[in-house]
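The residues making up each chain are set out below.
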Amino acid sequence: MCGIVGILGKDDVADRLLDGLKRLEYRGYDSAGIATVVDGAIERRRASGKLVNLGKVLAAEPLAGVTGIAHTRWATHGGPTTNNAHPHATDRVALVHNGIIENFKPLREELLARGRKLESQTDTEIVCHLVSEQIEAGLDPVEAVKVVLPRLHGAFALAILFRDHPDMLIGARLGSPLVVGYGDGETYLGSDALALAPLTQRISYLDEGDWVVLTRGGTQVYDQANNPVERAIVNSGASGQLIDKGNHRHFMAKEIYEQPIVVAQTLRAYLQRLEDKVTLPIPDFDLSVIKRVTIVACGTSYYAGMVAKYWFEQFARVAVDIDVASEFRYRAPVMEDGGLMIVISQSGETADTLAALRHAKAEGQTIAAVVNVPTSTMAREADLLLPTHAGPEIGVASTKAFTCQLAVLAALAANLAKAKGRMTPEEEKAIVAHLAEVPAALNDALGRDEAIEAMAGAVAVARDVLYLGRGTDYPLALEGALKLKEISYIHAEGYAAGEMKHGPIALIDEHVPVIVIAPSGPLFEKTVSNMQEVQARGGKVVLISDAEGIAAAGEGCIATIEMPKAHPLIAPIVYAVPVQLLAYHVAVAKGTDVDQPRNLAKSVTVE
Ligand code: F6R
């Protein structure tokens, strides 16, 4: 996690560094800091908490300097204090870091044994001292960095500033992303192209193990074996505009409301309405050879994958394994030759998912990436790119990316079914018609906003909340619980409705609201039986269903949320809206920081 910016500039850089950090705050907001070289000394400004605090520090004590580095932090080693905030510095070197130095303990002990004074609990400060030691021993910065990099295990993107070389910055990456930007007489380092978008669109992406020296005379990239290499400069296409909240109080609300439009936008890339066809933007890939599918993702993206598993198995009769990415690599997964791995990620940078992608690629799997950020590492490393067109998602809780992922995965399921000879043209036509209904159904679902807001108070007072669903509503129950806990800090769990009686029903009492997601359809009666078992034990049920479902089972519930009637294929997309809105209104009622909830970051770039 963490975001990095570096500028080797013509004019003072502090304001532009701060602006770059604003674009990276999605990577963490525990603390932030900037360092520059001013009159032959390294100067720093740092603040704990959100970026706004650093802004205040800089306003009180402005920072000059035309060369600088900056950082926004998601704490790994050491609490979110000012002292642990980056840049870390000795009198000669300042450094910012994204990632984790896994061998930091022996390195730290080594430094302490040599009498170095360390000021923080971070792994980053170790690197700063290691480089400093080499410079004190007489090496120039390039040689010093060359000596230190092979000593670091783990993942890192680094930007390093040198007191005695104010016209130089050195960057390095292994496992964490870093890009170089080329401006007019200036060069930049950034965690992503978005951070640099207002400064330049001319970007080169560093490869694994690359390191780069920026000077006034030019930029030189080296590979991990220290060979000088060229990395292509491409046009990033990243927008320099800062996204605003429009008329909404929070980004999350704006993004929930954008869903009819962005899902329609996404579907446009996959549906050929005039021909009644579902297609994929990978025309040359033959899906009929796929024998087995492995889906890997984290968090909300993982739940989208769980829904897709039902679809792939039901429509294409292709066996699907699904794993959370952080578990995948470490359980020695068996992958059949000719298998397809699907990674799903909003950011395209999630470290666990990326590691799984690389692992599966090395094992000969074809990799398809369902990704929202087209410039991301996953988008670049996958064999097949299946973009979602949700636009930038700023709220930490994922909403519109989820429904767009489902839209893409439904299109993929239909294509897999066609390729396997399991879908007739008539069935395909029906699927096109159902998917085409989604934007309007999402709009309809948003019409329940006020009703959901009105009942949010009843959930906001709870200490624990359960979510139940069956079939594709089970992943939605998990997603509802995740949304609630991450933004309202209420403990919530999602269960397969039929699992309740195997243990969790012991949790039921009159203080635990139970949110039941049950559109009318083939599984409705079974879910309702489980719901009644809960009610029989004093459980307070909120039923989310359509008019038919509510007429059949709404009695005795503390509240009902009436949804539009949705075909079972599209129900998981449409029913995402009420669970998102419920979490949102509960969080607002509790007064939490909806868009930047505590302890979280939007893009999780550490394992
Ligand atoms: C939950 C949430 C996270 C992400 C997860 C994966 O609201 O946002 O659970 O879904 O960190 O992130 P991506 O999709 O960027 O790989």
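Analysis parameters
- Residues numbered from 1 in each chain as written.
- Predicted model: local features only at pLDDT ≥ 70, side-chain atom pairs only at ≥ 80, totals over all residues.
- Heavy atoms only, no water.
- UniProt positions renumbered as here; feature names shortened; annotations may be inferred.
- Near = heavy atom within 4 Å.
- Polar contact = N/O pair within 3.5 Å; in protein donor to acceptor, adjacent residues only side chain to side chain.
- Areas by Shrake-Rupley, 256 points an atom, 1.4 Å probe, with all protein chains shown as cover.
- Helix = DSSP H or I, 4+ residues; strand = E, 2+ residues; numbered from the N terminus.
- Nonpolar A, V, L, I, M, F, W, Y, C, P; charged D, E, K, R; others polar.
- Phe/Tyr/Trp six-rings, centres within 6.5 Å; stacked < 30°, edge-to-face > 60°.
- Buried < 20%, exposed > 50% of the residue type's maximum accessible area, 1.4 Å probe, protein only.
- Core = buried A, V, L, I, M, F, W, Y, C linked by side-chain atoms within 4.5 Å.
- Contact = heavy atoms within 4.5 Å.
- Expected span 1.5 Å × (residues − 1).

For the chain, the name recorded in an unreviewed UniProt entry is Glutamine--fructose-6-phosphate aminotransferase [isomerizing], with Sphingomonas tagetis as its organism. Under the heading Subunit (unreviewed entry), UniProt records this for the chain: "Homodimer." Recorded in UniProt for the chain, the comment headed Subcellular location (unreviewed entry) runs: "Cytoplasm".

1. A look at the site of the ligand
Surrounding the ligand, one finds 15 residues, the nearest of these being Ser301, Ser345, Gln346, Thr350 and Glu486. At 3.1 Å, a backbone N or O of Thr300 approaches an oxygen atom of the ligand. Side-chain polar atom of Lys483 to an oxygen atom of the ligand: 2.9 Å apart, as the coordinates give it. Coverage of the ligand by the protein chains reaches 90% of its 400 Å² of free accessible surface. Within the residue set of the shell around the ligand, elements represented by two or more residues are helix 9 (299-316) and helix 17 (473-488). The residue makeup of the shell around the ligand, split by class, is five nonpolar, eight polar and two charged.

2. A few points about the packing of aromatic side chains
Tallied over the entire structure, the rule returns two aromatic pairs. Aromatic side chains Trp211 and Tyr222 sit 4.5 Å apart centroid to centroid with 25° between the ring planes, which places their arrangement in the stacked category. Separated by eleven residues along the polypeptide, Trp211 in strand 12 (residues 211-215) and Tyr222 in strand 13 (residues 218-222) bring together distant segments of the chain. With relative accessibility at 1%, the residue Trp211 sits in the buried group.

3. Here we look at the nonpolar core
Membership of the largest hydrophobic core comes to 101 residues, with the highest contact counts inside it found for Val293, Phe312, Ile342 and Tyr467. Aside from chain neighbours lying at most four places away, what touches Ile342 is Val293, Thr294, Ile295, Val296, Phe312, Ala368, Val370, Leu409 and Leu412. Core analysis: the next-biggest nonpolar cluster, separate from the first, contains 30 residues, Leu130, Ile135, Val145 and Ala172 among them.

4. A look at the UniProt feature "active site" (unreviewed entry) in the chain
The feature "active site" (unreviewed entry), as annotated in UniProt, sits at Cys2 and Lys602 in this numbering. Taken together, the annotated residues stretch across 601 residues yet fold into one region, lying no more than 10.1 Å apart by C-alpha. Residue position: Cys2 is located in the segment before strand 1 (3-8). Judged by relative accessible area, which is 5%, Cys2 ranks as buried. Residue contacts for Cys2: discarding those within four places in its chain leaves Arg27, His71, Thr72, Arg73, Trp74, His97, Asn98, Ser191 and Thr605.

5. Points about the environment of Ser345
Relative to the assigned elements, Ser345 resides in strand 20 (residues 340-345). Considering only alpha carbons, one finds Ser345 and Arg331, 14 residues apart in sequence, at a separation of 21 Å. The residues contacting Ser345, other than those within four sequence positions of it, are Ser301, Thr350, Val370, Val371, Asn372, Met378 and Gln405. Engagement of the side chain of Ser345 in a polar contact is seen with the backbone nitrogen of Gly348, the distance being 2.8 Å.

6. Overview of helix 17
The end-to-end C-alpha distance of helix 17 is 22 Å, a good match for the 22 Å that 16 residues give at a rise of 1.5 Å each. Extensive coverage of helix 17 is indicated by the burial of 14 of its 16 residues. Just beyond helix 17, the residue with positive phi is Tyr489, at close to 65°.

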